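Working through the structure, step by step
Each chain is listed here by its residues.
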Amino acid sequence: MLKPNIRKVLTNIIEKIEDENVAIAFSGGIDSLSILYTCMDLKKKITLYSFTLDNHVSTDFSSARRFAKFYNINFIPIFLPTDLNTIKDDLRFIKTLGAIKKTDFVCSLPMLYLYKNIKENVLINGLGADGHFCISKKGMIHFKDKIQEFRDGLFVNENYAQKLINIKMAKYYNKTTIIPYLEKEMIEEFRDTTWDSINKPRQKQATLDNYKDYFSRIKVRNHTNLQLGDSKIEKNLEQLLSSDWNINNYKSIVGIFNDLNRGVLK
């Protein structure tokens with residue numbers, strides 16, 4: 001049964017980074033931990049950045065802070081604004097970078113504040129890792145037995161997991177973003193692996209096995225979706241429904257994003 005050598009691929013990608021100092025977009029989940037562990041293996045000087053709303057502490061943020069303390073690694077919190085006018089300005093900017101869907105706006109907003117605030121030249125993040133494992137509701141219901149078809153459908157999109165938007169944001173702030181799980185080498189490493197071989201007995205078991213020397217010493221939680229978890233980022237954006245941007249009395253912020261894309265909103 002094929003099993004991906006995730007550690008080898010991450011090492012191949014990250015060791016090419018010339019900078020000794022690197023930033024990691026860190027949630028404390030399995031994917032960002034795998035990146036942390038690879039950087040630790042390579043003796044990089046690491047700073048962990050994690051975001052949360054300025055009026056709410058999320059599980060991701062708490063977990064990230066806990067692991068930073070556990071490994072004695074520099075941790076910098078990023079607090080996302082809840083001010084309506086600031087949010088509007090940010091969404092206008094994200095639109096210029098190619099955001100179209102609600103997911104593009106919701107997921108790009110916190111990343112924007114990472115690129116604004118990191119001191120290092122290079123940010124490494126785990127965007128797109130979920131696509132290899134097919135752990136979305138849709139994926140598990142319809143594609144567990146044809147997982148490669150699921151992956152191919154995702155990765156054909158050049159902006160999957162907001163890849164292109166992140167590259168543009170990084171460039172705007174004179175930074176470089178490295179997204180190892182969306183590199184061709186990683187996509188090929190997972191090719192033709194089965195759902196069971198990478199997700200049993202536990203979700204993302206392949207990553208846990210690759211870094212057994214690290215994961216055996218800690219307790220790690222399962223994946224939580226940025227939109228569906230307790231980040232409240234999407235909930236925060238729902239204040240747009242009570243603003244002057246809701247010119248059509250939408251019940252969902254999807255309508256507002258559609259109006260923004262059509263150039264109706266100022």
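See above for the structure.
Below: a short report on this structure. (Residues numbered from 1 in each chain as written. Predicted model: local features only at pLDDT ≥ 70, side-chain atom pairs only at ≥ 80, totals over all residues. Heavy atoms only, no water.)

1. Notes on the overall build of the protein chain
Across its full length, the protein chain carries 15 helices and five strands. Since a compact globule built from 266 residues should have a radius of gyration of about 18 Å, the 19 Å found for the protein chain is in line with a globular shape. Each of the three principal axes of the protein chain carries a C-alpha extent, and together these read 55 × 40 × 30 Å. Per-residue burial for the protein chain yields a buried fraction of 53% across its 266 residues. At a minimum sequence separation of 6, the contacts of the protein chain that also span at least 24 residues come to 73%. When the accessible surface of the protein chain is summed, it comes to about 13,000 Å², and 50% of that surface belongs to carbon and sulfur atoms. For the protein chain, the separation between the mean place of its 40 positive charges and that of its 31 negative charges on side chains is 3 Å. (Helix = DSSP H or I, 4+ residues; strand = E, 2+ residues; numbered from the N terminus. Rg over C-alpha atoms; globule rule 2.2 N^0.38 Å. Buried < 20%, exposed > 50% of the residue type's maximum accessible area, 1.4 Å probe, protein only. Contact = heavy atoms within 4.5 Å. Areas by Shrake-Rupley, 256 points an atom, 1.4 Å probe, with all protein chains shown as cover. Lys, Arg positive; Asp, Glu negative; His and termini not counted. Charge placed at Lys NZ, Arg CZ, Asp CG, Glu CD.)

2. Overview of unusual backbone geometry
Going from Lys200 to Pro201, the amide bond is cis rather than trans, its omega being 5°. Following the sequence through the fold, Pro201 ends up in the loop between α11 (195–199) and α12 (205–210). Notably, Asn174 is not glycine yet its phi reads approximately 60°, a positive angle. Here Asn174 lies in the loop between α9 (163–172) and β5 (176–178). In the Ramachandran plot, Lys232 falls in the positive-phi region, its phi being about 65° despite a non-glycine side chain. Tracing the backbone through its elements, the reader meets Lys232 in the loop between α13 (212–215) and α14 (233–237).

3. Notes on the pattern of salt bridges
The full count for this structure, using the stated rule, is 14 salt bridges. We note a salt bridge from Glu188 to Arg191, for which the minimum N-O separation is 3.1 Å. Across the salt bridge formed by Asp196 and Lys200, the nearest N and O atoms sit 3.7 Å from each other. With relative accessibility at 46%, the residue Lys200 sits in the partly exposed group. In the salt-bridge network here, residues are joined through shared partners; they are Arg7, Asp41 and Asp213. (Salt bridge = Lys/Arg side-chain N within 4 Å of Asp/Glu carboxyl O.)

4. As for the layout of surface pockets
Its volume calculated, the second largest pocket comes out at about 310 Å³. Around the second largest pocket, the lining is made up of 15 residues, and of these Glu158, Lys163, Leu182, Lys184 and Ile187 lie nearest the centre. Among the elements of the structure, α9, β5 and α10 (184–190) are those that each provide at least two residues to the lining of the second largest pocket. Top element by residues in the lining of the second largest pocket is α9. It accounts for three residues. (1 Å grid on protein atoms, 1.4 Å probe; cavity = no way out; pocket = protein on both sides within 12 Å on 5 of 7 lines; lining within 4 Å. Points joined across faces, edges and corners; volume = space filled by probe spheres on them.)

5. A short note on the environment of Tyr113
In this fold, Tyr113 is placed in helix α5 (residues 102–117). Linking Tyr113 and Ile78, residues 35 residues apart in sequence, is a C-alpha distance of 7.0 Å. Every residue in contact with Tyr113, bar those within four places of it in the chain, is listed here: Ile78, Leu80, Pro81, Thr86 and Asp90. There is a polar contact of 2.5 Å between the side chain of Tyr113 and the side chain of Asp90. (Polar contact = N/O pair within 3.5 Å; in protein donor to acceptor, adjacent residues only side chain to side chain.)

6. Quick look at the nonpolar core
One finds Leu33, Leu36, Tyr37, Leu48, Ile124 and Phe215 to be the most contacted residues of the largest nonpolar core, which totals 46 residues. Leave out the neighbours within four places in its chain, and Ile124 touches Ile14, Ile17, Val22, Ala23, Ile24, Ala25, Ile35, Cys39, Ile178 and Pro180. Within the second largest apolar cluster, 36 residues are counted, among which are Ala23, Ile87, Leu91 and Ala99. (Core = buried A, V, L, I, M, F, W, Y, C linked by side-chain atoms within 4.5 Å.)

7. Looking at the packing of aromatic side chains
Here the structure, examined in full by the defined rule, presents 13 aromatic pairs. Arranged with centres 4.8 Å apart and planes meeting at 90°, the rings of Phe70 and Tyr71 form a pair that is edge-to-face. Looking at Tyr71, the relative accessible area reads 18%, which means it is buried. An angle of 45° between the planes, with centres 5.4 Å apart, marks the rings of Phe143 and Phe150 as tilted. Accessibility classification places Phe143 together with Phe150 in one group, the buried group. Taken together, the ring pairs in this structure connect Tyr37, Phe70, Tyr71, Tyr211, Tyr214 and Phe215 into an aromatic cluster. Lying across the ring of Phe67, Arg66 places its NZ or CZ 4.4 Å from the centre. (Phe/Tyr/Trp six-rings, centres within 6.5 Å; stacked < 30°, edge-to-face > 60°. Lys NZ or Arg CZ within 6 Å of the ring centre and 35° of its normal.)

8. Some points on the pairing of strand β2 (residues 45–53)
Among the nine residues in β2, eight count as buried, and that is most of the element. With five bridges connecting them, strand β1 (residues 21–25) and β2 associate as parallel partners. Bridge assignment links Ala23 to a residue of β2, and that residue is Thr47. In this view, the connection linking β1 to its parallel neighbour β2 by way of helix α2 (residues 30–41) has right-handed handedness. In terms of strand pairing, β2 meets strand β3 (residues 74–80) through seven bridges, oriented parallel. Note that in β3 the partner of Leu53 across the bridge is Leu80. Handedness of the crossover joining β2 and β3 through helix α3 (residues 59–71) is recorded here as right-handed. (Pairing = 2+ DSSP bridges. Right-handed = clockwise from strand over helix to strand, strands pointing away.)

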